[in-house]
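Chain by chain, the residues:
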Amino acid sequence: MAAKTKPLPTLPGEDRLEKIPAHIYESPGDACAALAAEVKTLIEKRRAKGKATVLGLATGSTPVPFYRELIRLHNEEGFSFADVITFNLDEYFGVDRDHRESYARFMREQLFDHIDIDPANTHVPDGTVPSEEVFSYCSGYEKAIKEAGGIDLQILGIGRTGHIGFNEPGSSRDSRTRLITLDRITRLDAAADFLGEENVPRFAITMGVGTILEAREIALMAWGQNKASVVAEAVEGPVSDQVSASFLQDHPKARFLIDAAAAGALTRRRVPWLVRPVSWKARDVRRAVVWVAQKLEKPVLKLVERDFNENGLGDLLTQHGPAYDLNIRIFNELQHTISGWPGGKPNADHTNRPERALPYPKTTLVLSPEPQDDVISMGGTMERLHEQGHNVTVAYLTSGNLRVADAEAEKFARVLLATAQREKWKKQVEYAEGILAQLAEKGPFGQDTDDIRRIKSLIRRGEARDACAVCGIAHEKIRFLDLPFYEQGRYRQFTVQDEDIAAVRKLLAAVKPHQIYATGNAADPSSLPAKCFYALSQAIAQEKAAGAAWLESCYLWLYRGTEDEYSPHEIDMAVPMSPDQLARKVSAIHKYQSHRSEEQHTGERNRLAAQRYDDLGLAEYEAIEPFQRWRI
Ligand code: F6R
């Protein structure tokens, strides 16, 4: 299907709080097609006047589909970039241009090597300049931009800290190209690429905010739910050095191109009744009541007419009031999402339960993009499903081997070596020595060999089995799909192929689940969960087209991974947990030693989800695992 190059329509007035024009597209592909078409027109116009075009470029996962579109223009339409000059925003400090994570290499691999741009016209800051020369090097970079005539169009992404380039919180409006210290969140976001947080450089060279603001035109792209809050802050919040993208509010020709998920926290999407008349669909009614209750820090059943009227919800009362009735209705709706029977309660009336009573037991398929995603998001629910007699299969779509630190592989190779030497197993000694030699040869940043990836997969598998065992799931109920796109690729650059979809489809057709648990529908499209969700949705579509009968009685439950947790109005099933159950879940997560991300290990997120229900006046639980139903 051809990409649409127009943003979704904006209703009159709904963008009135937005201080930077925000164009919302149906998909990143549409936004990138639109931007690439504009770039083409810009180059053509300048070319007609005999002028070169100067583009400011970004790296990271966001612009990848945009670069693919530029490459397509070159390959399929013969469009030339011969008179284009580029300046990249930034580079990790201490990283040379051939390092696999260097931005210089990224640009070659993602764009420059595939178009006819003159390499001499491309500029990426040099991460290897000696410290004492950085200052003069940076002034030289600024000078080169000026000498090229200044930047015609600057392409940007945005970090979760609100950074543009690597202008982390605290960067001033007047900042110029310089050496900066990377924020912890930025380093965590890059941890998978660098095979561990400890390998992520601490410093980077970046164009300054002032440098960026001098571009004649600026286009910032953002995709996925985990950019939503920072996008809203930049577009609607105060101009602040704590969110450097907010400085774009002062630029006459800056705009955001975002997808629906990244637009989710803008007023027009989050609380649309504040900026336009709303037709009040069921989900919006719930959202509005939850919002006003949270805002006033009141339980739903204590809201009064005045609370609605004073918060722009008079219209809601006219259509769905009075407040007393509305409160009870929404309270009941929320109440009915709570269920300790995620597989349905046999022999019970299920009219007001999220899951059907029958069939019982259910065949349940838990899909996890990589080991650990499952227990982090739904370890308690997995345990419940098993205890309540359902037939639970857990399938890991990828091995997660890229997340395993070299030190772990080395530890296992050494254990094997010592054992094999003692037992005089010649082959095993050779194998273990081979792994150790390969590890030494590749060094901390080199690409893992197939042998190393295999041993790392085995480590993850072992941990996954241990974690599942805590949740009661037996070894033989675990499947490792090792989808080829992952085994052949790297983070942020994965491409799902037909063979991946076929493998997921084969699993679905073999298991014929009554319930599927999955994640990734709202994630950044370049992320692993998003790729896995894509493979799943394609596999389901193919099964549907083939008339697979199992699909007719299958419910798909979504859980949130690294994105923000569902808000109460979005939840269709809230599985409550006792303190003991939460403690067991946390201990399951702790079975993963080879890759840890501390924030997710404490169960805090599930406590917070429970707290939100409690604050709305619902039952007080220790923790909750939330799910949303996706209509297949
Ligand atoms: C990259 C850059 C950064 C990224 C930002 C978002 O050159 O300057 O500001 O645009 O960190 O990164 P992704 O796109 O990977 O989410």
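Preceding this paragraph is the structure being described.
Let me sum up the structure you'll find in this document. (Residues numbered from 1 in each chain as written. Predicted model: local features only at pLDDT ≥ 70, side-chain atom pairs only at ≥ 80, totals over all residues. Heavy atoms only, no water.)

1. A short note on the packing of aromatic side chains
When we look at a pair of aromatic rings, we describe it by the centre distance and by the angle of the planes.
Then step 1. This structure, assessed with the given rule, holds 16 aromatic pairs.
Then step 2. Relative to tyrosine 141, the ring of phenylalanine 87 has its centre 5.8 Å away and its plane inclined at 85 degrees; by these criteria the two rings are edge-to-face. With phenylalanine 87 in strand β3 (residues 84-88) and tyrosine 141 in helix α4 (residues 134-147), the pair connects residues that are 54 residues apart, well separated along the chain.
Then step 3. Joined through ring pairs, the aromatic side chains of Tyr92, Tyr103, Phe166 and Phe194 make up one cluster.
Then step 4. A cation over an aromatic ring shows up here: arginine 356 above the ring of tyrosine 555, its NZ or CZ 3.7 Å from the ring centre.
Then step 5. It is arginine 629 that lies over the ring of tyrosine 555; its NZ or CZ is 3.4 Å from the centre. (Phe/Tyr/Trp six-rings, centres within 6.5 Å; stacked < 30°, edge-to-face > 60°. Helix = DSSP H or I, 4+ residues; strand = E, 2+ residues; numbered from the N terminus. Lys NZ or Arg CZ within 6 Å of the ring centre and 35° of its normal.)

2. Things to note about helix α14 (residues 406-423)
Along an α-helix, residues three or four apart share an orientation, since each turn contains 3.6 residues.
Then step 1. Taking 1.5 Å per residue as the helical rise, α14 with its 18 residues ought to reach 26 Å, and the 26 Å between its terminal C-alpha atoms agrees with that figure.
Then step 2. For α14, the set of buried residues is Asp406, Glu408, Ala409, Ala413, Leu417 and Ala420.
Then step 3. On the buried face of α14, the contacting elements are α15 (426-442) and α16 (450-470). (Expected span 1.5 Å × (residues − 1). Buried < 20%, exposed > 50% of the residue type's maximum accessible area, 1.4 Å probe, protein only. Contact = heavy atoms within 4.5 Å.)

3. Quick word on the sheet that holds strand β5 (residues 122-123)
Then step 1. Here 7 strands make up an open sheet; going across it, the order is β1-β10-β9-β6-β2-β3-β5 and the pairing parallel. The open sheet has two edge strands, β1 (22-25) and β5, and neither has a second partner.
Then step 2. Relative to strand β10 (residues 254-259), strand β9 (residues 217-222) is paired through 5 bridges, and the arrangement is parallel. Counterpart to isoleucine 218 in the pairing with β10 is alanine 254. (Pairing = 2+ DSSP bridges.)

4. Things to note about the site of the ligand
Then step 1. Surrounding the ligand, one finds 14 residues, the nearest of these being Thr62, Asp90, His163, Gly165 and Arg492.
Then step 2. Within the side chain of threonine 59, one N or O atom sits 2.8 Å away from an oxygen atom of the ligand.
Then step 3. Between the ligand and the protein, one listed contact pairs an oxygen atom with a backbone N or O atom of glycine 165 at 2.7 Å.
Then step 4. For the ligand, the accessible surface in isolation is 410 Å², of which the surrounding protein chains cover 92%.
Then step 5. Among the residues forming the shell around the ligand, the class breakdown is 3 nonpolar, 8 polar and 3 charged. (Near = heavy atom within 4 Å. Polar contact = N/O pair within 3.5 Å; in protein donor to acceptor, adjacent residues only side chain to side chain. Areas by Shrake-Rupley, 256 points an atom, 1.4 Å probe, with all protein chains shown as cover. Nonpolar A, V, L, I, M, F, W, Y, C, P; charged D, E, K, R; others polar.)

5. Observations regarding the sheet that holds strand β4 (residues 90-92)
Then step 1. Taken in spatial order, the 3 strands make up an open sheet running β4-β8-β7, and their pairing is antiparallel. Each of the sheet's edge strands pairs with one partner strand only, and the pair in question is β4 and β7 (178-181). Adjacent strand axes in the sheet meet at a mean angle of 30 degrees, parallel and antiparallel pairs treated alike.
Then step 2. By the bridge criterion, 3 bridges tie β4 to strand β8 (residues 203-206) in an arrangement that is antiparallel. Paired with aspartate 90 across the two strands is threonine 206, which belongs to β8. (Axes fitted to C-alpha atoms, helices over the stretch in contact; angles between N-to-C directions.)

6. Here we look at the nonpolar core
Then step 1. Counting 65 residues, the largest nonpolar core has Phe308, Leu313, Leu316, Leu508, Ile516 and Leu536 as the members making the most contacts within it.
Then step 2. Filtering out sequence-adjacent residues up to four positions away, isoleucine 516 remains in contact with Leu365, Leu367, Leu508, Ile540, Trp550, Cys554, Tyr555, Leu556 and Trp557.
Then step 3. Membership of the second largest hydrophobic core comes to 43 residues, among which are Leu55, Tyr92, Phe106 and Trp223. (Core = buried A, V, L, I, M, F, W, Y, C linked by side-chain atoms within 4.5 Å.)

7. Some remarks on a nonpolar patch on the surface
Then step 1. On the surface, a nonpolar cluster with roughly 320 Å² of combined accessible area is contributed by Leu301, Tyr324 and Ile328.
Then step 2. Following the sequence through the fold, isoleucine 328 ends up in helix α12 (residues 323-337).
Then step 3. Here isoleucine 328 falls in the partly exposed class, since its relative accessible area comes to 32%. (Patch = residues over 30% accessible without salt bridge, like charges linked within 9 Å, V, L, I, M, F, W, Y side chains within 5 Å. Salt bridge = Lys/Arg side-chain N within 4 Å of Asp/Glu carboxyl O.)

8. As for a positive patch on the surface
Then step 1. Among the surface-exposed residues, Lys45, Lys49, Lys51 and Lys253 lie close enough to one another that they form a single positively charged patch.
Then step 2. Its location among the elements puts lysine 253 in the loop between α7 (228-236) and β10. (Lys, Arg positive; Asp, Glu negative; His and termini not counted. Charge placed at Lys NZ, Arg CZ, Asp CG, Glu CD.)

9. Structural notes on the packing of α14 against α16
Then step 1. Relative to each other, α14 and α16 sit at 90 degrees, their axes nearing to 10 Å. The angle between the axes of α14 and α16 places the two elements in the roughly perpendicular class. Every residue of α16 that contacts α14 at Asp406, Glu408, Ala409, Phe412 and Ala413 is listed here: Ile455, Lys456 and Ile459. (Parallel < 35°, antiparallel > 145°, perpendicular 65-115°, else oblique.)

10. Some words on the pattern of salt bridges
Then step 1. All chains considered together, the criterion is met by 44 salt bridges.
Then step 2. Note that glutamate 14 is salt-bridged to arginine 276, the shortest N-O span being 3.0 Å. One end of the pair, glutamate 14, is in the segment before β1; the other, arginine 276, is in the loop between α8 (267-270) and α9 (282-296), and 262 residues separate them in sequence.
Then step 3. Looking at arginine 276, the relative accessible area reads 23%, which means it is partly exposed.
Then step 4. Between glutamate 197 and arginine 184 there is a salt bridge, with the nearest N and O atoms lying 2.9 Å from each other. Within this pair, whereas glutamate 197 is found in the loop between α5 (184-189) and β8, its partner arginine 184 is found in helix α5, the two being separated by 13 residues in sequence.
Then step 5. When its relative accessible area of 23% is taken as the criterion, glutamate 197 is described as partly exposed.
Then step 6. Each of Lys40, Glu69, Arg72, Glu76 and Glu77 takes part in one network of salt bridges that share partners.

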